[in-house]
Amino acid sequence: MSIAWYLAVSAIVFTLGAIGVITRRNPLVVLLCLELMLNGGNLALIAFSRMWGNGDGQILAIVVMTVAACEVCIGLGMIVALYRRHLPIDVDELRELQG
Amino acid sequence: MSSILFFIAAIGVISGAVGVVVLRNPFYSVLALVGHLLSLAVLFLLLRAEFVAAIQVVIYAGAVMVLYVFVVAYVGDQTEPLGERLRNPGAVGSQLRLGGAIVAGALLVELLIALLGTGLQAIDGKGAGYSPGPEAFGTPAYIGKLLLTRFLLAFEVASFLLLMAAVGGVVLARRRHGLEEDDDEQDVLTPMNLLRPRSTGTMAEGIGRRPEGVHQAQTSRPDAGSRFTP
C-alpha cells in the first residue's frame, strides 16, 4: 500500500477525535477522543518515518505516547478529584475555575 | 496480502474511532478505544515500526486502558442522558450540531489537502528500501540506539515529564479533607506515621484508616477541614 493511504487513515482518525472533543460532554470521553487525535498524529509520524526510511518519526511517536500517558495520568486524577468533591462530571457544567 | 491486511486494520481503526465518539456508555468507549489501538498496532507493523507497535499494545492498550477502566468503574456509570436531547434538540442544539458537522468536514478536507496534496512524490510510493536484519529499521536495537545517542535529551525530558505527571497525579487524587471517623480503626504506630505529613494518600488512608498521631495533628488545626469542604 502506498503511504498516502496511511495518511488518509490518520486524517480520518484525527477528525473523528476532534469531533468527539467538540461534541461529547463527559470529560472521560473527551480524554479518550484526545487519545484518538494523538493516535492520528502518531500514525502520520510513523508513515512519514517509513516514507523516508528514517527513525526520527518513530522516536517522536514514542515521545507522543509518553506525553499521552502523562496527560491521561493528570486528566484521570482531575476526574477522580471532581468525583470526590461531588462536582458534576460534565464539561458543560464545569465552567468556573474557582471550585 | 499486505493490502488486504491494511484494509482490515484500517476498517478496525476507523470503526474503533467511530465507536469511541458515538457510544454513549464510557465503558464501551474505552473498549472501542482498545480495539482501535490494537488495529493501529497492525498498521504500525505494516509500516515496519515493530517496536512502536509492541509498546502500543503493551503500554497503551494494556496499562493506560486499564487505568481508564478503573476510573470509569470508580466514577460510575455516567451514561449521558442524551436520548431526550437527541429527539428534540431545540433550535440552538440543532444549530450547534450543524456547526460541529461543518467544522469537522472542513477540518477533514484541510487535513487531507495538507497531507495528500503535498508535492512530495514519495507519498505515492511504498516507502524507502528495507532490508531485514538484527538492526534493521524499526527494530528495538535500532530504536534503542537512536534513543540513547541522537535523542538522549528527548529521552531524559520524557522521563522527567513522567515523573512530574506521577507526582501531579498523586497530588490531584489524594484526599484533601482528611477522613471520617471510623469505629474499627486499627492503627499500628510506625515511624513513618510521625514523619510524613497528613493525608498524603497512603494505602492506609485509601482504605479509610488514619494513623492516630496524624489525627491528633489535624484536630489541633481548626482550619484544616474547613478549607476543602466536600
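Note that the structure is a prediction, hence the values are computed from the model and not measured.

Some remarks on the overall build of chain B
And step 1. Along the backbone of chain B there are 10 helices and zero strands.
And step 2. Reading the helices (α) and strands (β) of chain B from amino to carboxyl end gives α-α-α-α-α-α-α-α-α-α.
And step 3. The buried share of chain B, reckoned over its 230 residues, is 21%.
And step 4. Considering only residue pairs separated by 6 or more positions, chain B has 54% of its internal contacts joining residues 24 or more positions apart.

Regarding the overall build of chain A
And step 1. Helix and strand counts for chain A stand at three helices and zero strands.
And step 2. Starting at the N terminus, the α and β elements of chain A follow one another as α-α-α.
And step 3. Computed over its C-alpha atoms, the radius of gyration of chain A comes to 17 Å, more than 25% above the 13 Å expected for a compact globule of 99 residues.
And step 4. With respect to the three principal axes, the spread of C-alpha positions in chain A is 50 × 25 × 15 Å.
And step 5. Across the 99 residues that make up chain A, the buried fraction comes to 54%.
And step 6. A fraction of 47% describes how many contacts in chain A between residues 6 or more apart in sequence connect residues 24 or more apart.

Notes on helix H2 (residues 27-52) of chain A
And step 1. For H2(A), spanning 26 residues, the distance from its first C-alpha to its last is 38 Å, which sits close to the expected 38 Å at 1.5 Å a residue.
And step 2. Burial analysis of H2(A) places 21 of its 26 residues in the buried class, which makes it a mostly covered element.

So, the interface of chain A and chain B
And step 1. With 63 residues of chain A at the interface, the matching set in chain B holds 67 residues.
And step 2. Those elements that provide at least two residues to the side of chain A that touches chain B are helix H1 (3-23), H2 and helix H3 (56-84) of chain A.
And step 3. Counting residues per element, the side of chain A that touches chain B draws most heavily on H3(A), at 20 residues.
And step 4. Its residues placed into classes, the side of chain A that touches chain B shows 45 nonpolar, 14 polar and four charged.

Side note on the confidence of the model for chain B
Residue and element names in this part refer to chain B.
And step 1. Of the residues in chain B, 67% reach a pLDDT of 70 or more, and the chain-wide mean stands at 77.
And step 2. The weakest mean pLDDT in chain B belongs to helix H10 (residues 212-219) at 50; the strongest belongs to helix H2 (residues 26-46) at 93.
And step 3. Overall, residues 214-230 carries pLDDT values under 50, and its contacts beyond four positions in sequence, including any with other chains, amount to 16 contacts.
And step 4. Reported confidences for the modelled complex are a pTM of 0.78 and an ipTM of 0.91.

Describing the packing of H1(A) against H2(A)
In a pair of packed helices, the angle between the axes and the distance between the axes together describe the arrangement.
Residues and elements named next belong to chain A.
And step 1. The N-to-C vectors of H1 and H2 enclose an angle of 165 degrees; their axes lie 8 Å apart at closest approach. What the angle tells us is that H1 and H2 run roughly antiparallel. The two elements H1 and H2 cross, and the hand of that crossing is left-handed.
And step 2. Counted by class, the contact of H1 with H2 contains 19 nonpolar, six polar and one charged residues.

Focus on unusual backbone geometry
And step 1. Positive phi, close to 65 degrees, is recorded for Arg48(B), a residue that is not glycine.
And step 2. With respect to the helices, strands and loops of the structure, Arg48(B) is situated in the loop between H2 and helix H3 (50-75).

Concerning the nonpolar core
And step 1. In this structure, Val13(A), Leu32(A), Leu43(A), Ile46(A), Ala47(A), Leu43(B) and Phe44(B) are the most contacted members of the largest nonpolar core, which totals 65 residues.
And step 2. Secondary structure elements with two or more residues in this core: H1, H2 and H3 of chain A together with helix H1 (2-22), H2, H3 and helix H5 (90-116) of chain B.
And step 3. Sort the elements by how many residues they give to this core and H2(A) lands first, with 14 residues.

Details of the packing of H2(B) against H3(B)
Residues and elements named next belong to chain B.
And step 1. With their axes 9 Å apart at the nearest point, H2 and H3 run at an angle of 175 degrees to one another. Classed by the angle they form, the pair H2 and H3 counts as roughly antiparallel. Only Glu50, Val52, Ala53, Gln56, Val57, Tyr60, Ala61, Met65, Tyr68, Val69 and Val72 of H3 make contact with H2, whose side of the interface consists of Pro26, Phe27, Val30, Leu33, Val34, Leu37, Leu38, Leu40, Ala41, Phe44 and Leu45.
And step 2. Grouping the constituent residues of the contact of H2 with H3 by class yields 20 nonpolar, one polar and one charged.

Quick notes on the environment of Ile14(B)
Residue and element names in this part refer to chain B.
And step 1. Examined against the element boundaries, isoleucine 14 turns out to sit in helix H1.
And step 2. On the basis of neighbour counts, which here come to 16 C-beta atoms within 10 Å, the residue isoleucine 14 falls in the partly exposed class.
And step 3. Along the primary structure isoleucine 14 and leucine 40 are separated by 26 residues, whereas in three dimensions their C-alpha atoms are 9.4 Å apart.

Thresholds applied
- Residues numbered from 1 in each chain as written.
- Chains lettered and ligands numbered in written order.
- Predicted model: local features only at pLDDT ≥ 70, side-chain atom pairs only at ≥ 80, totals over all residues.
- Helix = DSSP H or I, 4+ residues; strand = E, 2+ residues; numbered from the N terminus.
- Buried ≥ 20, exposed ≤ 12 C-beta atoms within 10 Å, placed from the backbone.
- Contact = placed C-beta atoms within 7 Å.
- Rg over C-alpha atoms; globule rule 2.2 N^0.38 Å.
- Expected span 1.5 Å × (residues − 1).
- Nonpolar A, V, L, I, M, F, W, Y, C, P; charged D, E, K, R; others polar.
- pLDDT = per-residue confidence, 0-100.
- Axes fitted to C-alpha atoms, helices over the stretch in contact; angles between N-to-C directions.
- Parallel < 35°, antiparallel > 145°, perpendicular 65-115°, else oblique.
- Left-handed = near helix turned anticlockwise from the far one by under 90°.
- Core = buried A, V, L, I, M, F, W, Y, C linked by C-beta atoms within 7 Å.

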